[in-house]
Amino acid sequence: MSKRLRNSEVCADCSVSDPRWASVNRGVLICDECCSVHRSLGRHSSQVRHLTHTPWPPTQLQMVQTLYNNGANSIWEHTLLDPASILSGKRKANPQDKVHPNKAEFIKAKYQMLAFVHRMPCRDEDSCTAKDLSKQLHSSVRTGNLETCLRLLSLGAQANFFHPEKGNTPLHVAAKAGQVSQAELLTVYGADPGAPDSNGHTPIDYARQAGHHELAERLVEIQYELTDRLAFYLCGRKPDHRSGEHFIIPQLADSSADLTELAKAAKKKLQSLSNHLFEELAMDVYDEVDRRETDAVWLATQNHSTLVTETTVVPFLPVNPEYSSTRNQGRQKLARFNAHEFATLVIDILSDAKRRQLGNLVTSPRVDNIELILKSVGSCPADDRHDNDQPDYDSVASDEDGDLEPPSGKTDRAKSLDSDLSDSPVSVQEFQEVKNALVASEAKIQQLLKVNSNLSDELRLMQKKASKMDKQSSGPDSDYDNTLNDGELEDSGAVRRGRLRSSGWLGETGSIPELDDLEAEYDASLPSTEDVIRKTEQITKNIQELLRAAQENKHDSFVPCSERIHVAVSEMAALFPKKPRSETVRGALRLLTSSAQRLQGECRKAATPDGSLGLGLGSGADMQLVTQQVIQCAYDIAKAAKQLVTITTKENNN
């Protein structure tokens, strides 16, 4: 974006100068504070991207610039332009307003409720109104008037509308006319580049026949947007569609290891999903990738004080009211997957998307519950990995039906999946075999849980004795200041890790914090807010250095940065009492220290003393995965630090 344009830009929601983010589907530019509210609304309301730190398709950025320069914001604030609105008390937010509740309430009214959009005269049949608007959209996209089409879409026109007389969709018309920005806008609102007209020709075919070859290539990219984004998230590369390569399937560094039985079962269930449910799961994972990547950009672009405010918190996918409560809960549980588990799920989805696209069928029993996939993808059941006393997601309204059917025309990411494939039939014998296997597995799991429970009791007794000996032989160091080294972790073995997890000592990140002193008294005291903020700023400064090194591919800087972060984390943990009374404080401290320890381990994978790839990392794809895991660990540390600042600020002000 040119410097001349940037100097004259203001936030569309509060008029702060020099906005650094864009809402792609709204065609507006927004500041950091307003962006935090947009992110909390979810991608179904606002798709945010950073103007400089996010990779943009050039034609999509040009589309947003054109809408912004042509006053697209007036579409969303139409009634506020009426002088009568001032008399009625309606006004937009201003730079001096607080984010909560002032700016947040205004932004929700503007984009969620569409409170200021010009309404069409009411009719008896809403469907007729939508049909008329869609026909107007079909006619308008042949011209370059983007704001007119955005206005029609805001009023309810359907981007995938099939014109009964013309026999095609608006995207066909835009492709034939070579209207690149119109095509970008339509696809942002869910238009499918692979949709056939009455003669079986797609918008891609229309663009090629009209000689618009660059537009045709861009439509191919959009058609594979979902799988391209997932591949890029893991390995930093996208397929070369021009050469006929449409899928990249990254491999984990430990992919040669045998899969656990649970992982095999999860993969089998994923392959058994109907195409419709598989597309839903793939779209949900796409949204989670977007959330994690946007979090990483947010962390890298904020100043130190902003990092610890409420504007940074988007811990899981926001509720989409158009989805069932079951699907919303499953979407939000994706945030609980650690980096390795989530990468495994993404790779499995990419592999199965390619299989389905190529038409390779799998004769396995059909599974109609995505929740089973989410529970089984990790190396252990989700219920064992996490503390069930803590809420995992927002409360959402329950619904009687289990239908996961999404509204038509609302998705903009499932275009690379072929939904016309028929599911393979399931025989009674296959169903009975699977049923018997599940019953046997359930019995075995119950037996293992009982054994683990007994082992947990023994472990607690050993921990109690160890803590007594520790008190006698060591000074009053903080419980959270020490973590096990890599050698101790390796010596403990998988069995010990399983026992620790079942007894509740192993956190969701997979690292083991120092065990609490079981006989020590709980301490209600907390450090001063100023001390905590000062240490948090030191942590976030080091995190930003690490993220800059990641962006510049300076992998040899990972280990020094991680060591500085670990020192800062240890100093911050030392501010708190050895055994805080608040469970929230204890949980935040465990997350802080375990994430710092895990960060050191991931950074050591990136480089060896001689500068070569470490721990068997033999490809750029492996390094990209390690970098993603490093960024995730850094985010977890920042999140824990922010929680501690929030807690101490609240308690010290009471």
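Our subject is the structure that appears above.
Residues numbered from 1 in each chain as written. Predicted model: local features only at pLDDT ≥ 70, side-chain atom pairs only at ≥ 80, totals over all residues. Heavy atoms only, no water.

### Remarks on the overall build of the protein chain
Each helix and strand in the protein chain was counted, giving 25 helices and three strands. The proportion of buried residues among the 654 residues of the protein chain is 49%. Residue pairs at least 24 apart in sequence account for 75% of intrachain contacts in the protein chain once pairs closer than 6 positions are excluded. When the accessible surface of the protein chain is totalled, it reaches about 31000 Å², and 50% of it is carbon and sulfur. (Helix = DSSP H or I, 4+ residues; strand = E, 2+ residues; numbered from the N terminus. Buried < 20%, exposed > 50% of the residue type's maximum accessible area, 1.4 Å probe, protein only. Contact = heavy atoms within 4.5 Å. Areas by Shrake-Rupley, 256 points an atom, 1.4 Å probe, with all protein chains shown as cover.)

### Observations regarding helix α12 (residues 213-223)
The set of residues buried in α12 consists of Leu215, Ala216, Arg218, Leu219, Val220, Ile222 and Gln223. In the core, the buried residues of α12 are packed alongside α3 (58-69), α9 (170-177), α10 (180-188), α11 (203-209) and α13 (225-235).

### A word on the pattern of salt bridges
What the rule picks out here adds up to 28 salt bridges. Taking the shortest distance from any N to any O, the salt bridge between arginine 43 and aspartate 290 comes out at 3.4 Å. On the criterion of sequence distance, the pair formed by arginine 43 in the loop between α2 (32-41) and β3 (48-50) and aspartate 290 in helix α15 (residues 275-301) is long-range, its members being 247 residues apart. Take aspartate 290: its relative accessible area is 10%, and that puts it in the buried class. Arginine 218 is the salt-bridge partner of glutamate 221, the closest N and O atoms lying 3.2 Å from each other. Of this pair, glutamate 221 and arginine 218 both sit in helix α12, three residues apart, which is roughly one turn of that helix. For glutamate 221, a relative accessible area of 38% puts it in the partly exposed group. Residues participating in the shared-partner salt-bridge network are Arg43, Arg229, Glu280, Asp284, Asp287, Asp290, Glu293, Arg327 and Arg331. (Salt bridge = Lys/Arg side-chain N within 4 Å of Asp/Glu carboxyl O.)

### Concerning the side chain of threonine 529
Looking at where threonine 529 falls in the secondary structure, it is placed in helix α22 (residues 529-551). In this structure the side chain of threonine 529 is engaged in a polar contact, spanning 3.4 Å, whose partner is the backbone oxygen of threonine 648. Not counting the four nearest positions on each side in its chain, threonine 529 is found in contact with Thr648, Thr649 and Asn652. (Polar contact = N/O pair within 3.5 Å; in protein donor to acceptor, adjacent residues only side chain to side chain.)

### Observations regarding the packing of aromatic side chains
Applying the stated criterion to the full structure yields five aromatic pairs. Here the aromatic rings of tryptophan 21 and tryptophan 298 are separated by 5.6 Å at their centres, their planes lie at 40°, and the arrangement is tilted. One end of the pair, tryptophan 21, is in strand β1 (residues 21-23); the other, tryptophan 298, is in helix α15, with 277 residues separating them in the sequence. A residue is classified by how much of its surface remains accessible, and tryptophan 21, at 1% relative accessible area, is buried. Its relative accessible area of 2% is what places tryptophan 298 among the buried residues. Taking the centre distance of 5.8 Å and the plane angle of 80° together, the rings of tyrosine 233 and phenylalanine 342 count as edge-to-face. With tyrosine 233 in helix α13 and phenylalanine 342 in helix α17 (residues 339-358), this residue pair connects regions lying 109 residues apart in the sequence. With a relative accessible area of 1%, phenylalanine 342 lands in the buried category. Geometry around tryptophan 76 places arginine 26 over its ring, the cationic atom sitting 4.6 Å from the centre. Sitting over the face of the ring of phenylalanine 232, lysine 238 holds its NZ or CZ atom 5.5 Å from the ring centroid. (Phe/Tyr/Trp six-rings, centres within 6.5 Å; stacked < 30°, edge-to-face > 60°. Lys NZ or Arg CZ within 6 Å of the ring centre and 35° of its normal.)

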